[in-house]
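Understanding the architecture of this molecule
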Amino acid sequence: MNRANVLVLAGILVLALGLRIWGIGFGLPYPYHADEPTYVSAALNLGAGIIGRQPNPTGFSNILFGEYAAYYMTGHLAGLFSSTAVFEQAYRDDPSIFLLLSRLTSALFGAASVIIVYWLGARSNRRVVGLLAALFLAVSFLHVRDSHYGVPDVVTTFFIGLTVLFCILAWQKGQIKYLCSAAASAGFSVATKWSVWPVGIPLLIVAVTFFRQQLRQTATRNSRLVLSLFFVALCLSAGFALGGFQLILKPGTYLEYALREVQAGEAGGFGFWQIDTLPGWSFYLKTLLYGLGGFLLISGILGHARRGVMAIGRRDLASAILISFPLSYFLVMGSTQHYFARYALPLVPFIVLFAAEFIVAAYGWLIAKNRPVAWATTVILILGVLAVPVLDSIQHDILLTQVDTRTLAKQWIEANLPAGAKIAADWPIHTPFLSAADQISTTQPTKIYDVDYIGGTGLSDHTLDWYRQQGFDSLIASSFIYNIPLVFPKQDAERKAFYLSLQQQLPLIKEFSGGLEGTDPPFLFDEIYGPAVSLWQRERPGPTIKIYQLASK
């Protein structure tokens, strides 16, 4: 790798890291991403010897545990934490540093994925393909967006890319160390996100090829084969154990949770929420369309098709290795109705790689016909691929630097509603974090309220008369709740009627909207985690918050 390539890759890495760190402190000290506290708490509980309280996949939490342990030991030596109890209280008083560490972990792994994609392109094709793929990943909106979140998906995507890279190296070099590394990485990937089990398919392809070659060798082949199999199995088990030893210790707890998760995602919903009505494959294509942009997605699909022809027509093993995970993963996830945009993330490194290969191949074909046309067409293709994700990523990061609507609502409530007021709100997290007598909000509150976060399907779980009878003074509605349809039509219609009755029967005393000129921005389910499709119709993150005065009849 020459100096020019090193400098270009370094520049791409800086760009990738900058886009992923810009705005990373969004919302703090409040955990406005609903899933972040789950993984942070699991890591902290592990330090206290508590396993299984949050039975999600554990690989990401185990990484955080190491970081928090280092933070505690450093703080202990510096006199900040005299005991683990003081450390725990620091989290309860202000979780900002803990949330920020989890987000930085995602950001760093997200940026590091650029290097993985570069080497995938360089080893399986040419260095120019690797550089182009690295650039595409650096600016890919979906990857940039989710690299801001302290959840497992971007980290899992890194280890999937690492697994496939080691598979390519094992095939090219024929060395057991690369196969063992691929096995360890695959094991850790699955422990971090159970749904990515198809990562075992490229590992299987390479392992079968590797062991077939060993069988053709000298008389000692049987003993060598057994030893090689043992080391690969050991590394696979070690990788999984490192990321998921909790599952080994308490298999029933984690398997029961996994089964509930699968059952919760039925009919395009999650529990009673209707996330989408599209077939699975259409849902993930739609996600990739707004998450990558049309030019990048189409180029990636064409590049994947090209690799498919090479794998079948030419029996090219490298192509089979490269397409096996994204193809099998897309088919598996598309056949389910468990819809979350983040589940598309493991496909992104392969899409950008195939897009880069397609553009370079198109250039090679065109240059034989007409050099000026080849250069012009390639430049247009690259600019077309980059334009949408670059602009979306920058706009997204700008939005994250603005004050969230929930924070503005909290400030207004504490300035205008009397202490002790009885307030009912749509869910925690999706509405302002207010302090109650038994639950003091993060940072010093100016007032304490009698707050009831309803949960369930939101405020519509009760009637207006019920709220009046219970003596509530105010109701807080969030668009992150009332905009999500319900799976059952009758229940959904009744719920819509309830929220309409709030507008018709109650005074709206204050409204906070992230949309331009106070509008309610476009919405899809993934907006509850952060801006997704509403980037250019927003001036700040967060739901529309409506505060109603509950006047008695």
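Residues numbered from 1 in each chain as written. Predicted model: local features only at pLDDT ≥ 70, side-chain atom pairs only at ≥ 80, totals over all residues. Heavy atoms only, no water.

**Points about the overall build of the protein chain**
Helix and strand counts for the protein chain come out as 21 helices and 7 strands. Each of the three principal axes of the protein chain carries a C-alpha extent, and together these read 90 × 60 × 50 Å. The buried share among the 553 residues of the protein chain stands at 55%. Considering only contacts within the protein chain whose residues lie at least 6 apart along the sequence, 77% involve residues at least 24 apart. Accessible surface, the protein chain: about 23,400 Å² in total, of which carbon and sulfur atoms supply 65%. Here the protein chain contributes 39 positive and 33 negative side-chain charges, whose respective centroids are spaced 16 Å apart. (Helix = DSSP H or I, 4+ residues; strand = E, 2+ residues; numbered from the N terminus. Buried < 20%, exposed > 50% of the residue type's maximum accessible area, 1.4 Å probe, protein only. Contact = heavy atoms within 4.5 Å. Areas by Shrake-Rupley, 256 points an atom, 1.4 Å probe, with all protein chains shown as cover. Lys, Arg positive; Asp, Glu negative; His and termini not counted. Charge placed at Lys NZ, Arg CZ, Asp CG, Glu CD.)

**With respect to the confidence of the model for the protein chain**
Residues with a pLDDT of 70 or more make up 96% of the protein chain, whose mean pLDDT is 92. Per-element confidence in the protein chain is highest for helix 7 (residues 141–146), whose mean pLDDT is 98, and lowest for strand 1 (residues 269–270), whose mean pLDDT is 68. (pLDDT = per-residue confidence, 0-100.)

**Focus on unusual backbone geometry**
For the bond from Leu-28 to Pro-29, the omega torsion is 10°, close enough to zero to count as cis. Positionally, Pro-29 belongs in the loop between helix 1 (3–21) and helix 2 (36–47). In this structure, Trp-427 is a non-glycine residue whose phi angle is positive, near 55°. By the element assignment, Trp-427 lies in the loop between strand 3 (422–425) and strand 4 (450–453). On the basis of relative accessibility, which here comes to 27%, the residue Trp-427 falls in the partly exposed class. Of note in the backbone geometry, Ile-429 takes a positive phi value of approximately 70° without being a glycine. Position of Ile-429 relative to the elements: it lies in the loop between strand 3 and strand 4. Looking at Ile-429, the relative accessible area reads 16%, which means it is buried.

**Description of the sheet that holds strand 4**
The sheet built from 5 strands is open, its strands ordered 4-3-5-7-6 with mixed pairing. Of all the strands in the sheet, the pair left with one neighbour each is strand 4 and strand 6 (508–512). Each neighbouring strand pair of the sheet contributes to a mean axis angle of 15°, computed without reference to strand direction. Where helix 18 (residues 405–416) meets the sheet, it contacts strand 3, strand 5 (474–478), strand 6 and strand 7 (545–549), and its direction lies at approximately 145° from that of strand 6. (Pairing = 2+ DSSP bridges. Axes fitted to C-alpha atoms, helices over the stretch in contact; angles between N-to-C directions.)

**Examining the nonpolar core**
If you look at the biggest cluster of nonpolar residues, it comprises 129 residues, and the most contacted ones within it are Phe-136, Leu-179, Leu-459, Tyr-467, Leu-475 and Leu-502. Counting residues per element, this core draws most heavily on helix 8 (residues 153–173), at 13 residues. Excluding its chain neighbours within four sequence positions, the residues that come into contact with Phe-136 are Leu-296, Val-352, Ala-355, Ala-356, Ile-359, Ile-382, Val-385 and Leu-386. Of all hydrophobic cores here, the second largest spans 14 residues; its members include Ala-409, Ala-425, Val-451 and Ile-547. (Core = buried A, V, L, I, M, F, W, Y, C linked by side-chain atoms within 4.5 Å.)

**Concerning the pattern of salt bridges**
Within the structure shown, the criterion is met by 18 salt bridges. One salt bridge in this structure joins Lys-286 and Asp-276, with 2.4 Å as the shortest N-O distance. Here the residue Lys-286 occupies a position in helix 13 (residues 280–292), and Asp-276 occupies one in the loop between strand 2 (273–274) and helix 13, the gap between them amounting to 10 residues. Owing to a relative accessible area of 11%, Asp-276 belongs among the buried residues under this scheme. Sharing partners across several salt bridges, the network here consists of Asp-35, Asp-153, Lys-193 and Arg-342. (Salt bridge = Lys/Arg side-chain N within 4 Å of Asp/Glu carboxyl O.)

**Let's talk about the side chain of Ser-189**
Tracing the chain through its elements places Ser-189 in helix 9 (residues 176–192). In terms of polar contacts, Ser-189 uses its side chain to reach the backbone carbonyl oxygen of Ser-185, at 2.8 Å. Residues in contact with Ser-189, not counting those within four places in the same chain, are Thr-156, Phe-159, Ile-160, Thr-163, Val-196 and Val-199. (Polar contact = N/O pair within 3.5 Å; in protein donor to acceptor, adjacent residues only side chain to side chain.)

**Brief notes about the side chain of Asn-62**
Residue position: Asn-62 is located in helix 3 (residues 59–77). Owing to a relative accessible area of 12%, Asn-62 belongs among the buried residues under this scheme. For Asn-62, the contacting residues outside a window of four places in its chain are Leu-46, Leu-242, Gly-243, Gly-244, Phe-245 and Gln-246.

**A look at the packing of helix 14 (residues 294–313) against helix 15 (residues 317–334)**
The contact between helix 14 and helix 15 brings their axes to 8 Å, and the two run at 130°. Judged on the interaxial angle alone, helix 15 and helix 14 are oblique. By crossing handedness, the relation of helix 14 to helix 15 is classed as left-handed. For the pair formed by helix 14 and helix 15, the contact residues are His-304, Arg-307, Gly-308, Met-310 and Ala-311 on the first element and Ala-318, Ser-319, Ala-320, Leu-322, Ile-323, Pro-326 and Leu-327 on the second. Classifying every residue of the contact of helix 14 with helix 15 by side-chain character gives 8 nonpolar, 3 polar and 1 charged. (Parallel < 35°, antiparallel > 145°, perpendicular 65-115°, else oblique. Left-handed = near helix turned anticlockwise from the far one by under 90°. Nonpolar A, V, L, I, M, F, W, Y, C, P; charged D, E, K, R; others polar.)

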